[in-house]
Amino acid sequence: MRITVAIDGPAGAGKSTIAKMVGEKFNLMYINTGSMYRAVTLKAMEKDISYTDVNNLCDLIDTMEMHFENDELILNGKNVNEKLTMPNISSNVSNYASIAEVREKLVYLQRQISKKYNVIMDGRDIGTVVLKDAAFKFFLTASPEERARRRYKELIAKKIDVNYEHILDEIKRRDYIDSNREIDPLTKAKDAIEIDSTSMTIKEVVEKICTHITLNL
Ligand code: CDP
């Protein structure tokens, strides 16, 4: 049976943790589209390519083979996930993700994957653009303070030295750029179910999503 699930929402809303768990339950491949934008940012920064240098950015993306294994992005045969979540990538990714040509290339790759596999995909434009026809769409939110708290805990657990106020500012800044960019901004699809997870546990959110899918299969 064909099942496609789209999960959108702002930074730190819990999309990836929840998508992985729902994906496992329904045997779906989890595609974290944010990690693809992060990988482009990582490579571009390594090569000193600014987000305004569109020609070189496009050439760079054409050299990047990306696929997913065990919920993680494999870039040109290497697992680079540790690097993708570093604060310097988080601070720059929204600029690269606002470039139309970058989005066009990554959306194409995301759609190719979704043609081959049953997927649960998370990001900012999945329900509105990438998988407009997905049968199941969710829009996950939480207050900026709660999202910053979650991101702070995650980074501290990875022994990365961070400051809560700085993360909160960063999350608000990224939300602003993602929601106000010209191309495919972060917005709830009309047919998406909105879940505010501020005072819900991960288990409660997963249960809500799984129950909805099961009842509507
Ligand atoms: O995990 P977190 O919520 O911090 O962000 P992410 O999902 O890793 O996405 C990182 C950034 O990539 C976002 O802030 C967006 O700027 C961009 N992005 C996007 O534009 N479209 C997507 N489908 C996914 C991510």
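Residues numbered from 1 in each chain as written. Predicted model: local features only at pLDDT ≥ 70, side-chain atom pairs only at ≥ 80, totals over all residues. Heavy atoms only, no water.

J.: Sorry if this is basic, but what is going on with the site of the ligand here?
T.: Around the ligand lies a shell of 18 residues, among which Arg38, Arg103, Arg151, Arg174 and Asp178 are the nearest. In the environment of the ligand, an oxygen atom lies 2.7 Å from a nitrogen or oxygen atom belonging to the side chain of Arg103. Arg181 places a side-chain nitrogen or oxygen 2.8 Å from an oxygen atom of the ligand. Contact with the protein chains removes 94% of the 520 Å² of surface that the ligand exposes when unbound. The set of elements that each furnish at least two residues to the shell around the ligand consists of helix H2 (33-46), helix H5 (87-97) and helix H9 (164-180). Ranked by the residues each element gives to the shell around the ligand, the list is headed by H2, at 4 residues. Here the shell around the ligand is built from residues that sort into 4 nonpolar, 5 polar and 9 charged. (Near = heavy atom within 4 Å. Polar contact = N/O pair within 3.5 Å; in protein donor to acceptor, adjacent residues only side chain to side chain. Areas by Shrake-Rupley, 256 points an atom, 1.4 Å probe, with all protein chains shown as cover. Helix = DSSP H or I, 4+ residues; strand = E, 2+ residues; numbered from the N terminus. Nonpolar A, V, L, I, M, F, W, Y, C, P; charged D, E, K, R; others polar.)

J.: I tried to follow the sheet that holds strand S6 (residues 119-123) on my own but got confused; where do I start?
T.: Backbone-to-backbone hydrogen bonds pair the strands of a sheet. The strands run either parallel or antiparallel. Taking strand neighbours across the sheet as the criterion, the 5 strands line up as S2-S6-S1-S7-S8 in an open arrangement whose pairing is parallel. Every other strand in the sheet has two partners, leaving strand S2 (29-32) and strand S8 (193-196) as the edge strands with one partner each. Across the sheet, the axes of successive neighbouring strands diverge by a mean angle of 20 degrees, strand direction being ignored. Note: strand S7 (residues 136-141) against S8, 4 bridges, orientation parallel. The partner of Phe138 across the bridge, within S8, is Ile193. (Pairing = 2+ DSSP bridges. Axes fitted to C-alpha atoms, helices over the stretch in contact; angles between N-to-C directions.)

J.: Whenever I open this one, the pattern of salt bridges confuses me. Can you help?
T.: Pairs can form between side chains of opposite charge whenever their charged atoms are close. Tallying each qualifying case throughout the model produces 12 salt bridges. Residue Arg103 pairs with Asp125 through a salt bridge whose shortest N-O separation is 2.9 Å. Here Arg103, found in helix H6 (residues 100-116), pairs with Asp125, found in the loop between S6 and helix H7 (126-130); they are 22 residues apart in sequence, far enough to count as distant. A single burial state applies to Arg103 and to Asp125, both of which are buried. For Arg147, the salt bridge is made with Asp175, and the minimal N-O distance between the two is 2.7 Å. Placement of Arg147 in helix H8 (residues 144-157) and of Asp175 in helix H9 is noted, with a sequence separation of 28 residues between them. (Salt bridge = Lys/Arg side-chain N within 4 Å of Asp/Glu carboxyl O. Buried < 20%, exposed > 50% of the residue type's maximum accessible area, 1.4 Å probe, protein only.)

J.: What is the right way to look at the nonpolar core in this model?
T.: Generally speaking, nonpolar side chains in soluble globular proteins are found buried as a group. Ranked by internal contacts, the top residues of the largest apolar core, which has 34 residues, are Val40, Met66, Val102 and Leu106. Looking at this core, the elements with two or more residues in it are H2, helix H3 (54-62), strand S3 (66-69), strand S4 (72-75), H5, H6, S6 and H7. Counting residues per element, this core draws most heavily on H2, at 6 residues. The residues touching Val102, leaving out its near neighbours within four places in the chain, are Tyr37, Val40, Leu57, Ile61 and Tyr96. Counting residues in hydrophobic clusters, the runner-up holds 20 residues, among them Ala19, Phe138, Leu140 and Ile209. (Core = buried A, V, L, I, M, F, W, Y, C linked by side-chain atoms within 4.5 Å. Contact = heavy atoms within 4.5 Å.)

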